[in-house]
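Chains, contacts and geometry: an overview
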Amino acid sequence: MSSHNILSIAGSDPSGGAGVQADLKTFSALGGYGMTVITALTAQSTTGVAGVQEVPADFVALQLDTLLADARVDAVKIGMLATPEVIGAVAKAIDTHRLPHVVLDPVMVAKSGDRLLAAEAIDVVRSELLPRADLVTPNLPEAAALLGEDEAGDLDAMRAQAGRLLDLGARRVLLKGGHLGGDTSTDLLVAADAAPQVFTAERVATRNTHGTGCTLSSAIAALRPQRPGFDAAVRDAKTYLTAALRHADALDAGHGTGPVHHFHAWWPTGARG
Ligand code: PLP
C-alpha cells in the first residue's frame, strides 16, 4: 500500500499545540504523511495570542499550486484562514486541483478569546467554503456564527442547527457539543444522505485542551483515506483525541492552557526525555 498524503491549510502556532504544528503531529501519529500550506503566522503561547501576521493570498495560492502540481493529496484539513482573500485562494485550489476529502474546521476565535478569522470573513466561509467541504466541524459558537443564530443549548437544538448547516450547502456536518458542559461531550454527525449519528465521549478532567479542535479535524482527515467512510473516521478520531487529552498532563509546554499529547501511544509513560 502506498502512503497517504494529508495536507493542512492552516495557521502556525509556535507553542506547537494548535495550528499546522498540531496538524502535522496528528497526521504523523495516525499514519499519514503530513504536508502544510501556511495561511498566517501567530505569535502565541499556551497563555494566548500576541499577534497575527497574515500570509498574502497570492502567496497562499503559490504554495498550493506549487505543491499540488507535484504531489497527490489524499485528504485535506482546513483550519485558520484569517482573511476573505485567503479563503478565495483556498476555494479556487479546491476546485482547480479537485481536492478530495476536504475537512473544514471553521476556526474563528482561540480558546484564549483572540480572533483568528476577520469578522467580515465569516460570510465568505459560509458562501465559498461550506459548499466545497466534504465535512465541516464547527463547535457550538462557530455553528451559531455561521447561521447568525444563538448557540444551541441542547441536543435537539444541535440537530436543528446541524440541519440548517446542511441547508447552507455543507455535505456533512460534525457539530461538536463540548460547550454544553456535563460529564460527557456529545457530537452530532449529520449528512444529507444518511441517518444522523451521535458520538459521546467521556469529558477528560484536564485544563490542557489547547488545539483540541485542530487535532480532531486533522485526525479525521488523516483517517478518512484509511476508513470506508466519514463515520468510521470520526469515531476513531474521537477515540484518538480522548486518549491524547487523557495524557495531556504528562507534557509541560507552558503555564496556560497546554496542548494535548499527540504521541501518547509512542512515548514512554511519564518520560520527559
Ligand atoms: N492558533 C492557531 C494557529 C489555530 O489554528 C487554532 C485553531 O483553532 C488555535 C490557535 C486555537 O486553538 P485553541 O482554541 O484550541 O486554543
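Predicted model, so just to flag it, every value in this text is computed and none were measured.

Remarks on the layout of surface pockets
Size it by volume and the largest pocket reaches roughly 1100 Å³. Taken together, 48 residues make up the lining of the largest pocket; nearest its centre are Lys111, Asn139, Thr209, Thr212 and Gly213. Broken down by class, the residue content of the lining of the largest pocket amounts to 16 nonpolar, 22 polar and 10 charged.

With respect to helix H6 (residues 155-167)
Given a rise of 1.5 Å per residue, 13 residues ought to cover 18 Å, and the 18 Å separating the end C-alpha atoms of H6 matches this to within 8%. Packing partners of the buried residues in H6 comprise helix H5 (140-147), strand E7 (172-176) and strand E8 (184-191). Looking at where H6 begins, the residue whose side-chain oxygen comes 3.2 Å from the main-chain nitrogen of Asp156 is Asp154. Looking one or two places after H6, you find Gly169, whose phi comes out positive at around 115°.

What about the packing of aromatic side chains?
Taken as a whole, this structure holds 0 aromatic pairs when the rule is applied. Over the ring of Phe230 we find Arg224; its NZ or CZ atom is 5.2 Å from the centre of that ring.

Notes on empty space enclosed by the protein
This structure, assessed with the given rule, holds 1 cavity of 30 Å³ or more. Taken as a whole, the largest cavity holds about 30 Å³ of empty space. Taken together, Gly79, Met80, Leu81, Leu104, Asp105, Pro106, Val107, Leu117 and Val125 make up the lining of the largest cavity.

Observations regarding the side chain of Ser217
By the secondary structure assignment, Ser217 is in helix H7 (residues 212-223). Among the residues examined, Ser217 registers a relative accessible area of 0% and is labelled buried. Not counting residues within four places of it along the chain, the set of residues in contact with Ser217 comprises Lys77, Val103, Asp105 and Thr137.

Thoughts on the nonpolar core
Among the nonpolar cores identified, the biggest contains 46 residues, and Leu64, Ile78, Val90 and Val173 are the most heavily contacted of them. Looking at this core, the element that brings in the most residues is helix H3 (residues 84-96), giving 6 residues. Filtering out sequence-adjacent residues up to four positions away, Val173 remains in contact with Leu135, Val136, Pro138, Ala162, Leu165, Leu166, Leu188, Leu189 and Val190. If you look at the next biggest cluster of nonpolar residues, it comprises 26 residues, including Ala29, Leu174, Leu216 and Leu223.

The rules we used
- Throughout, residues of each chain are indexed from 1 in the direction in which the sequence is written.
- This being a predicted model, a pLDDT of at least 70 is required before a residue's local features are given, and a value of 80 or more before pairs of side-chain atoms are given or counted; all residues contribute to the totals for chains, interfaces and linings.
- Note that the side-chain values use all heavy atoms of the structure and ignore hydrogens as well as water.
- The method works on a 1 Å grid over the protein atoms by themselves. A cavity is a set of points holding a 1.4 Å probe that cannot get out, a pocket is an open set with protein on both sides within 12 Å along at least five of seven lines, and residues with an atom within 4 Å of a point line them.
- Grid points are joined across faces, edges and corners, and a volume is the space filled by probe spheres set on the points.
- Amino acids are sorted into nonpolar (Ala, Val, Leu, Ile, Met, Phe, Trp, Tyr, Cys and Pro), charged (Asp, Glu, Lys and Arg) and polar (every other residue, Gly among them).
- Only runs of H or I of at least four residues qualify as helices and only runs of E of at least two qualify as strands under DSSP, and these elements are numbered from the N terminus.
- What a helix is expected to span follows from its residue count: subtract one and scale by 1.5 Å.
- Only heavy atoms enter the contact rule, under which two residues are in contact if any of them lie within 4.5 Å.
- Pairs of N or O atoms within 3.5 Å make up the polar contacts considered here, provided that, within protein, one atom can donate a hydrogen while the other can accept it, and that residues adjacent in sequence are counted only when both atoms are side-chain atoms.
- The rule is short: rings of Phe, Tyr and Trp, with Trp giving its six-membered ring, pair when the centres are within 6.5 Å, and they are stacked under 30 degrees, edge-to-face over 60, tilted in between.
- Charges are assigned to positions over rings by a cutoff of 6 Å between ring centre and Lys NZ or Arg CZ, combined with an angular limit of 35 degrees from the ring normal.
- Note on classification: 1.4 Å probe, protein chains only; a residue is buried when its accessible area is under 20% of the maximum for its type, exposed when over 50%, partly exposed between these limits.
- Nonpolar cores are built from buried Ala, Val, Leu, Ile, Met, Phe, Trp, Tyr and Cys residues. Side-chain atoms within 4.5 Å join them into one set.

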